[in-house]
Amino acid sequence: MSITGGCLCGAVRYEISADPITMRVCWCKDCQRLAAGNGSANLLFKRDVVTITGALATFSKPADSGNVIDRKFCATCGTQMFGETAARPDFIVVRAGSLDDPSIFKPVANIWTSSAPNWACMSDTVPKFERQPPPPRHAPIRS
Ligand SMILES: [Zn+2]
Ligand SMILES: [Zn+2]
């Protein structure tokens, strides 16, 4: 199988050759800024299964977790695409908004709900974590 996606203008594209390790919605304040007010829907992959083409720009900032997150976005249209951290260089976060088929996103957790706005809509069937949850198992959660 392969997962594909890209930015608003089409300059940045990616292809992913394996299933995500986990899929989560993050409600930290940084994510609300980059996700137009909502939580950001994120898929975590091993870095070596993601092939990226096109020019990215990077903004680096410490996250609530304490790790410096490199947020990567299209250098032309600004669409948020990826997150990486030197603390976990073998992994990459892909923003679900960039997926060609967003229906593959099946969140297993809402995280950093302690900073979610009071109007946030969250599924009652998806576990909520006030802060950072335990690390995911390093195995695909889809088969
Ligand atoms: Zn673009
Ligand atoms: Zn976040």
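Everything that follows concerns the structure shown earlier in this document.
Residues numbered from 1 in each chain as written. Chains lettered and ligands numbered in written order. Predicted model: local features only at pLDDT ≥ 70, side-chain atom pairs only at ≥ 80, totals over all residues. Heavy atoms only, no water.

Peer 1: Just to check I follow, could you spell out the sheet that holds strand β9 (residues 91-95) for this structure?
Peer 2: Two strands in a sheet stick together by hydrogen bonds in their backbones, pointing the same way (parallel) or opposite ways (antiparallel). Pairing is mixed in the open sheet, where seven strands are placed in the order β6-β7-β8-β9-β4-β3-β10. The outermost strands of the open sheet, each flanked by one partner alone, are β6 (56-62) and β10 (109-111). Strand-to-strand twist of the sheet, defined as the mean angle between neighbouring strand axes without regard to direction, takes the value 30°. Bridge analysis of strand β3 (residues 22-26) against β10 gives three bridges, and the strand direction is parallel. Of the residues in β10, the one forming a bridge with C26 is I111. (Pairing = 2+ DSSP bridges. Helix = DSSP H or I, 4+ residues; strand = E, 2+ residues; numbered from the N terminus. Axes fitted to C-alpha atoms, helices over the stretch in contact; angles between N-to-C directions.)

Peer 1: What exactly am I supposed to notice about the coordination of the zinc ion (ligand 2) here?
Peer 2: Octahedral metal centres with six donors ideally show angles of 90 or 180 degrees, and tetrahedral centres with four donors ideally show 109.5 degrees. Each protein donor to the zinc ion (ligand 2) is listed here as C26 (SG), C28 (SG) and C31 (SG); together their distances run 2.1 to 2.3 Å. Sequence spacing of the donor residues for the zinc ion (ligand 2), all on one chain, is C-x1-C-x2-C. An identical accessibility class is assigned to C26 and C28; each is buried. (Donors = N, O, S within 2.8 Å, 3.2 Å for Na, K, Ca; no water. Buried < 20%, exposed > 50% of the residue type's maximum accessible area, 1.4 Å probe, protein only.)

Peer 1: Before we go on, may I ask you to explain the packing of aromatic side chains in this structure?
Peer 2: Inspection of the entire model under this criterion finds one aromatic pair. Ring centres of Y14 and F82 lie 5.5 Å apart, and the angle between their planes is 65°; on these two criteria the pair is classed as edge-to-face. With Y14 in strand β2 (residues 13-16) and F82 in strand β8 (residues 80-85), this pair connects stretches of sequence that are 68 residues apart. A relative accessible area of 0% means that F82 is categorised as buried. Across from the ring centre of F91, 4.7 Å away, lies the NZ or CZ of R88, which sits over that ring. (Phe/Tyr/Trp six-rings, centres within 6.5 Å; stacked < 30°, edge-to-face > 60°. Lys NZ or Arg CZ within 6 Å of the ring centre and 35° of its normal.)

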